[in-house]
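Examining the three-dimensional arrangement
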Amino acid sequence: MVQAAPTGHVPVMAARIVELLAPALAGGGTYVDCTLGLGGHARLVLEACPQARLVGIDRDADALAIARERLAPFGDRVALYEAVYDELPAVLAEDGTPHVQAIVADLGLSSLQIDRRERGFAYSVDAPLDMRMTQASGPTAADVLNTYEARDLARILRTYGEERFADRIARRIVAERATEPFTTSARLVQVLTDAIPAATRATGGHPAKRTFQALRIEVNRELEALEGLLPAALAALAPGGRFAVLSYHSLEDRLVKKAFAAATTDTAPRGLPVVPAEHRAGFRLLTRGAERPSPGEEADNPRAASARLRATERLEAAA
């Protein structure tokens, strides 16, 4: 069983991540953690692959500071960069490493972001409506709530939160902010609870869950960044290199599934007796569909319950 780090953070599906990536790092090489967080996956991969080095990326300066301290025992095997993961090509250029042997992207919020009340990600406590993963810049969730027109609010709730009552909620938010701008989560949660029909509140999970997800994705342009990361990561893999992605909701998982399907499919017209080399798929899938955490892991780490893991490998012939 994977043990919690001193911070209390338990990396999701960590043993499986190590199992998938270790063969690509058996002879050394570079492992990229695109969402370093508190360094849980990175520490385990570096321990399992003593000849590998890490390029760690995270947009959250607080998380990077903790990870830097936790990974200090690995010395010069570790290079950390403050960046968004779709900036992977620029990071690798700065690192002087154009091709790498393994990449992981754990798309969920880190324990640091969830547990620090002042970050505003959790709807279970009253906190400032921030939700920025990069706190030094960009609009906050409060800015979105207080400035977007009703149709734009409805669009992000519907698209990023898959919220069936998006129009109703958007109109209520606009009406409420005319009285007083939104600043903290408790008031927003109350507005959401009042806007959603009682029958749905009784059976549809927490009434704020989908709206908070949508706001977080909008504030941090998460899906846009993921759309940039996927082709960049695939292009950065050396022959035999492996790329694993942990997603936590259907919007992320669909993007990963689509990118991996395209990469692992021949491009030649159907019916050809022999597929020309230039039309052969450059990758193969390492997972059958999306893998799930074991029941035991879900029991030990409830935050893993929604995780979906997909992985792919660049074929040797695609060099």
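Look above for the structure.
These remarks concern the structure in this document. (Residues numbered from 1 in each chain as written. Predicted model: local features only at pLDDT ≥ 70, side-chain atom pairs only at ≥ 80, totals over all residues. Heavy atoms only, no water.)

1. As for the overall build of the chain
- A tally of regular secondary structure across the chain gives 14 helices and seven strands.
- Relative to the 2.2 N^0.38 estimate, which gives 20 Å for 319 residues, the radius of gyration of the chain is 21 Å and therefore close to what a compact globule would have.
- Taking the principal axes of its C-alpha atoms as reference, the chain extends roughly 65 × 55 × 40 Å.
- A buried classification covers 52% of the 319 residues belonging to the chain.
- Here the chain displays about 14600 Å² of accessible surface, and carbon together with sulfur accounts for 52% of that area. (Helix = DSSP H or I, 4+ residues; strand = E, 2+ residues; numbered from the N terminus. Rg over C-alpha atoms; globule rule 2.2 N^0.38 Å. Buried < 20%, exposed > 50% of the residue type's maximum accessible area, 1.4 Å probe, protein only. Areas by Shrake-Rupley, 256 points an atom, 1.4 Å probe, with all protein chains shown as cover.)

2. Quick look at the pattern of salt bridges
- Within the structure shown, the criterion is met by 18 salt bridges.
- Between arginine 221 and glutamate 224 there is a salt bridge, with its nearest N and O atoms 3.8 Å apart.
- A relative accessible area of 33% places arginine 221 in the partly exposed class.
- Note that aspartate 253 is salt-bridged to arginine 310, the shortest N-O span being 2.8 Å. With aspartate 253 in helix H13 (residues 250–263) and arginine 310 in strand S7 (residues 308–314), this residue pair connects regions lying 57 residues apart in the sequence. Each member of the pair aspartate 253 and arginine 310 is classed as buried.
- Here the salt bridges share partners, and the residues they tie into one network are Arg16, Glu19 and Glu291. (Salt bridge = Lys/Arg side-chain N within 4 Å of Asp/Glu carboxyl O.)

3. Digging into the packing of helix H12 (residues 222–236) against H13
- At a minimum axis distance of 10 Å, the contact between H12 and H13 shows a crossing angle of 25 degrees. Taken together, the axes of H12 and H13 are roughly parallel relative to one another. Between H12 and H13 lies a crossing whose hand is right-handed. Contacts between H12 and H13 pair Glu222, Leu223, Leu226, Glu227, Leu230 and Leu234 from the former with Leu251, Glu252, Leu255, Val256, Ala259, Phe260 and Ala263 from the latter. (Axes fitted to C-alpha atoms, helices over the stretch in contact; angles between N-to-C directions. Parallel < 35°, antiparallel > 145°, perpendicular 65-115°, else oblique. Left-handed = near helix turned anticlockwise from the far one by under 90°. Contact = heavy atoms within 4.5 Å.)

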